[in-house]
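If you want the building blocks of each chain, they are given just below.
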Amino acid sequence: MAARGAVHRGPRDSVMAAPGPRTAGWGRWFCTAAAPRPWRLFGAMCLLRLPRITQPLEKEEEEMAALMGQIELEKSHYSDHEIRKLEEEEQLRRRKESTYDDDDDEAPGKTVIMAQDLEDKWEQKLLQFKAAPRITDADKNNNRTSLNRKLDSNLMLLVKQKLGNQELWLLPQVEWQPGETLRSTAERAMATFLGDHIQAKILGNAPYGIYKYKFPRAIRTEDNVGAKVFFFKAFLQSSDLSQAELKEDYLWVTKDELGDYLKSEYLKKVNRFLLDL
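Quick caveat: nothing in here was measured; it's all calculated off a predicted structure.

Novice: Quick question: what am I supposed to make of the overall build of the protein chain here?
Specialist: A count of helices and strands for the protein chain gives 6 helices and 10 strands. Looking at the protein chain as a whole, 28% of its 277 residues qualify as buried. The contacts of the protein chain with a sequence gap of at least 6 include a subset with a gap of at least 24, amounting to 67%. Per element, the accessible surface of the protein chain, about 20,400 Å² overall, is 51% carbon and sulfur.

Listed below in structure tokens is the structure:
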């Protein structure tokens, strides 16, 4: 029997080395230089302006709201104001019937404001009140750079960025740098296009979605195959962007309007983590 590590000859005098013991130390695993990353990594921020008003009620919702309001009214107790009004009405009734005790009258010269007087005053204020319109000037002019539009819907920030020879509408994105977390990359993307004065609440440390695409064959190499874009979400906390440094073409659009600007595959990935609130 041949010793370990000996050389065996095959039928055609081929030479084959028998397996020998693993080399101790550094030779146990053969390490090579770190392979280049074939995919470029990007962080993108989905910045949302939340609705400012509720959406209009459907017919069924209005009927249900009216029914619940009627039930609540029937089962509710009198408020302090209503109790006061009933007491005053009873006093007036007794006075008309001459059974009212004069000792209970208020002091002479003192102005008495009745509950009914307050209700009349409140009614006049209500008649003077005029609600702000749900449809703003930005809606009428279809000004999609304004935040003062589509007040009952989410608005998402899109910016025009140059990728290769194309200018595309995308969520704000920048390329990942060594030492960064993906979240910090997305934060940098937001600051790059809006400046450092933007106030936003970032949701979580993990991405909400990912979009992967390959570069055109003309520029694709083994070390530069394509890009992976990791999406994060944030809520805009201030509607005053007067100090924001908008450095690119930008738009604030609803979910239904995204199809006018985003490519189909990109749009599919974005729609997966968008919710209509």
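Novice: What is the right way to read the packing of aromatic side chains from this model?
Specialist: Pairs of aromatic rings are described using the distance from one ring centre to the other and the angle between the two planes. With the rule as written, the count across this model stands at 6 aromatic pairs. Measuring from ring centre to ring centre gives 5.1 Å for Tyr211 and Tyr266, while their planes differ by 80°; the resulting arrangement is edge-to-face. With Tyr211 in strand β8 (residues 209-214) and Tyr266 in helix α6 (residues 264-271), this pair connects stretches of sequence that are 55 residues apart. The exposure class of Tyr211 is buried, given its relative accessible area of 15%. On the accessibility criterion, Tyr266 (4% relative accessible area) is buried.

Novice: Honestly, unusual backbone geometry in this entry has me stumped. Any pointers?
Specialist: Trans peptide bonds make up most of the peptide bonds, and negative phi angles are found at most residues other than glycine. For Asn142, which is not a glycine, the phi torsion comes out positive at approximately 55°. One can find Asn142 in the loop between α4 (137-141) and β4 (155-163). Among the residues examined, Asn142 registers a relative accessible area of 45% and is labelled partly exposed. For Lys150, which is not a glycine, the phi torsion comes out positive at approximately 45°. Assignment of secondary structure puts Lys150 in the loop between α4 and β4. Overall, the relative accessible area of 34% leaves Lys150 in the partly exposed class.

Novice: I keep staring at the confidence of the model for the protein chain and nothing clicks. Help me out?
Specialist: Parts of the prediction with low pLDDT should not have their coordinates interpreted in detail. In this model, the protein chain carries a mean pLDDT of 82, and residues with pLDDT of at least 70 account for 78%. Confidence drops under pLDDT 50 across residues 1-34; counting only partners more than four residues distant or on other chains, this segment forms 19 contacts.

Novice: Explanation requested: a negative patch on the surface in the structure shown.
Specialist: On the surface, a cluster of negative charge is contributed by Glu58, Glu60, Glu61, Glu62 and Glu63. Looking at the secondary structure, you find Glu63 in helix α1 (residues 59-75).

Novice: What is the right way to read the pairing of strand β9 (residues 226-236) from this model?
Specialist: In the case of a regular strand, side chains alternate between the two sheet surfaces. With 9 of 11 residues buried, β9 lies mostly within the body of the structure. Pairing analysis gives 10 bridges linking strand β3 (residues 39-49) to β9, with the strands arranged parallel. Along β9, the bridge assignment pairs Met45 with Phe232. Judged from the 3 bridges that link them, strand β7 (residues 200-202) and β9 form a sheet pairing that is antiparallel. When the sheet's bridge partners are listed, Ala200 is paired in β9 with Leu236.

Novice: Just to check I follow, could you spell out the environment of Lys212 for this structure?
Specialist: In this fold, Lys212 is placed in strand β8. Discounting chain neighbours no more than four positions away, the residues touching Lys212 are Trp39, Ala227 and Lys228.

Novice: What exactly am I supposed to notice about the nonpolar core here?
Specialist: Generally speaking, nonpolar side chains in soluble globular proteins are found buried as a group. In this structure, Met156, Leu171, Phe231, Leu258 and Val270 are the most contacted members of the largest nonpolar core, which totals 24 residues. Within the residue set of this core, elements represented by two or more residues are β3, β4, β5 (166-170), β9, β10 (250-253) and α6. Here Phe231 is in contact with Ala44, Leu171, Pro207, Tyr208, Gly209, Ile210, Tyr211, Tyr266, Lys269, Val270 and Phe273, once residues within four sequence places are set aside. By size, the runner-up hydrophobic cluster in this structure holds 18 residues, among which are Met45, Leu157, Ala186 and Ile202.

About the thresholds
- Residues numbered from 1 in each chain as written.
- Predicted model: local features only at pLDDT ≥ 70, side-chain atom pairs only at ≥ 80, totals over all residues.
- Heavy atoms only, no water.
- Helix = DSSP H or I, 4+ residues; strand = E, 2+ residues; numbered from the N terminus.
- Buried < 20%, exposed > 50% of the residue type's maximum accessible area, 1.4 Å probe, protein only.
- Contact = heavy atoms within 4.5 Å.
- Areas by Shrake-Rupley, 256 points an atom, 1.4 Å probe, with all protein chains shown as cover.
- Phe/Tyr/Trp six-rings, centres within 6.5 Å; stacked < 30°, edge-to-face > 60°.
- pLDDT = per-residue confidence, 0-100.
- Patch = residues over 30% accessible without salt bridge, like charges linked within 9 Å, V, L, I, M, F, W, Y side chains within 5 Å.
- Salt bridge = Lys/Arg side-chain N within 4 Å of Asp/Glu carboxyl O.
- Lys, Arg positive; Asp, Glu negative; His and termini not counted.
- Charge placed at Lys NZ, Arg CZ, Asp CG, Glu CD.
- Pairing = 2+ DSSP bridges.
- Core = buried A, V, L, I, M, F, W, Y, C linked by side-chain atoms within 4.5 Å.

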